[in-house]
Amino acid sequence: MLTVAVLISGAGSNLRALLDAVADPGFPASVVAVGADREADGFAHAEDFGIPTFLVPWESYSSREEWGAALGEQLDVWKPDLVVLSGLMRLLPASLVEAWAPRIINTHPAYLPEFPGAHGVRDALAAGVTQTGASVIVVDTGVDTGPILAQERVPVLPDDDEHSLHDRIKPVERRLLIDVVHRIATGDLDLAAESTP
């Protein structure tokens, strides 16, 4: 059974979808803890499923490195096989990424390497493209530059705004995330092999 820790910053819609998936007795993974960098609405989903939560408040630390070290200490308590970033709006320090590599994955609301960064949906609209997408990647020390594990195209409609487009990307992100976690758990997807240049 693959054990997973999920890190969030907000409402945790991807977290909720993953918790719903792992609640199926046939799903080969379990979520052992949910952490956040601030008080997050998504903690309510963890509570619904009886999953322990932990908080490592960003503002309590003087540097990204200090915050990352504290986050690493919390992850070490749970010793998950996999860490899923689910809307965590902080860049992890390189030291933490390297300590856990390649066992940290993230979703992104664009068809990487197109439109990396915090505003992938907005940037796609600004570029006037007719399609964008969703991706699941291995987290490396860059910004959305890690190996791509899964991705799928999503059309941009003529009347889309940031909210409507993101609303259509999110279900694709969730489906890809659940599939990737399942494939890692069954051994169909080898993160070490995917991360080897």
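Quick caveat: nothing in here was measured; it's all calculated off a predicted structure.

Q: Can you walk me through the side chain of His 108 in this structure?
A: Structurally, His 108 can be placed in strand β5 (residues 104-108). Overall, the relative accessible area of 3% leaves His 108 in the buried class. At 2.7 Å, the side chain of His 108 forms a polar contact with the backbone oxygen of Phe 115. Sequence-distant contacts of His 108, that is, excluding residues within four places in its chain, are made with Phe 115, Pro 116, Gly 117, Gly 120, Gly 133, Ala 134, Ser 135, Asp 144 and Glu 173.

Q: Mind showing me how you'd approach unusual backbone geometry here?
A: Here Ala 101 and Pro 102 are connected by a cis peptide whose omega angle stands at 0 degrees. Structurally, the position occupied by Pro 102 is in the loop between α4 (94-100) and β5. Note that the residue after Leu 112, namely Pro 113, is joined by a cis bond; omega there is 10 degrees. When you line up the elements, Pro 113 lands in the loop between β5 and α5 (120-127). One non-glycine residue, Lys 79, adopts positive backbone phi at about 45 degrees. Examined against the element boundaries, Lys 79 turns out to sit in the loop between α3 (64-78) and β4 (82-85).

Q: When you look at the sheet that holds β5 in this model, what are you seeing that I'm missing?
A: Adjacent strands of a sheet form backbone hydrogen bonds with each other and so pair up, either parallel or antiparallel. Read from one edge of the open sheet, seven strands run β3-β2-β1-β4-β5-β6-β7, paired in mixed fashion. In the strand order of this sheet, the two ends are held by β3 (53-55) and β7 (148-155), each with one partner. For this sheet, the mean angle separating the axes of adjacent strands, direction not counted, is 20 degrees. As paired strands, strand β2 (residues 29-36) and β3 are joined by three bridges and run parallel to one another. Directly across from Val 34, in β3, lies its bridge partner Thr 53. Of the strands in this sheet, β1 (2-8), β2, β3 and β4 touch α3, which is tilted by about 165 degrees from β3. Across the sheet, helix α6 (residues 162-186) is in contact with β1, β2, β4, β5, β6 (131-138) and β7; its angle to β7 comes to roughly 155 degrees.

Q: What should I look at first to understand the packing of aromatic side chains in this one?
A: The geometry of an aromatic ring pair comes down to the distance between the two centres and the angle between the two planes. What the rule picks out here adds up to one aromatic pair. A centroid spacing of 5.2 Å and a plane angle of 70 degrees characterise the contact between Trp 58 and Trp 67, whose relative ring orientation is edge-to-face. Stacked on the ring of Tyr 111, the Lys or Arg Arg 153 has its end atom at 3.8 Å from the ring centre.

Q: I tried to follow the pattern of salt bridges on my own but got confused; where do I start?
A: Any two side chains of opposite charge can pair, so long as their charged atoms come close to each other. As enumerated under the stated definition, the model contains eight salt bridges in all. Close ionic contact of Arg 175 with Glu 152 constitutes a salt bridge, the shortest N to O distance being 2.9 Å. Of this pair, Arg 175 sits in helix α6 while Glu 152 is found in strand β7, placing the two residues 23 residues apart along the sequence. Classification of Arg 175 by relative accessible area gives partly exposed; the value is 46%. Classification of Glu 152 by relative accessible area gives partly exposed; the value is 26%.

Q: Could you clarify how one ought to interpret the side chain of Ser 135 in this entry?
A: Relative to the helices and strands, Ser 135 resides in strand β6. Assessed through its relative accessible area of 1%, Ser 135 is described here as buried. A distance of 2.7 Å separates the side chain of Ser 135 from the backbone oxygen of Ala 110, its partner in a polar contact. At 3.1 Å, the side chain of Ser 135 forms a polar contact with the backbone nitrogen of Leu 112. Each residue touching Ser 135, except ones within four places of it in the same chain, is listed here: Asn 106, Thr 107, His 108, Ala 110, Tyr 111, Leu 112, Ala 150, Gln 151 and Leu 176.

Conventions we followed
Residues numbered from 1 in each chain as written. Predicted model: local features only at pLDDT ≥ 70, side-chain atom pairs only at ≥ 80, totals over all residues. Heavy atoms only, no water. Helix = DSSP H or I, 4+ residues; strand = E, 2+ residues; numbered from the N terminus. Buried < 20%, exposed > 50% of the residue type's maximum accessible area, 1.4 Å probe, protein only. Polar contact = N/O pair within 3.5 Å; in protein donor to acceptor, adjacent residues only side chain to side chain. Contact = heavy atoms within 4.5 Å. Pairing = 2+ DSSP bridges. Axes fitted to C-alpha atoms, helices over the stretch in contact; angles between N-to-C directions. Phe/Tyr/Trp six-rings, centres within 6.5 Å; stacked < 30°, edge-to-face > 60°. Lys NZ or Arg CZ within 6 Å of the ring centre and 35° of its normal. Salt bridge = Lys/Arg side-chain N within 4 Å of Asp/Glu carboxyl O.

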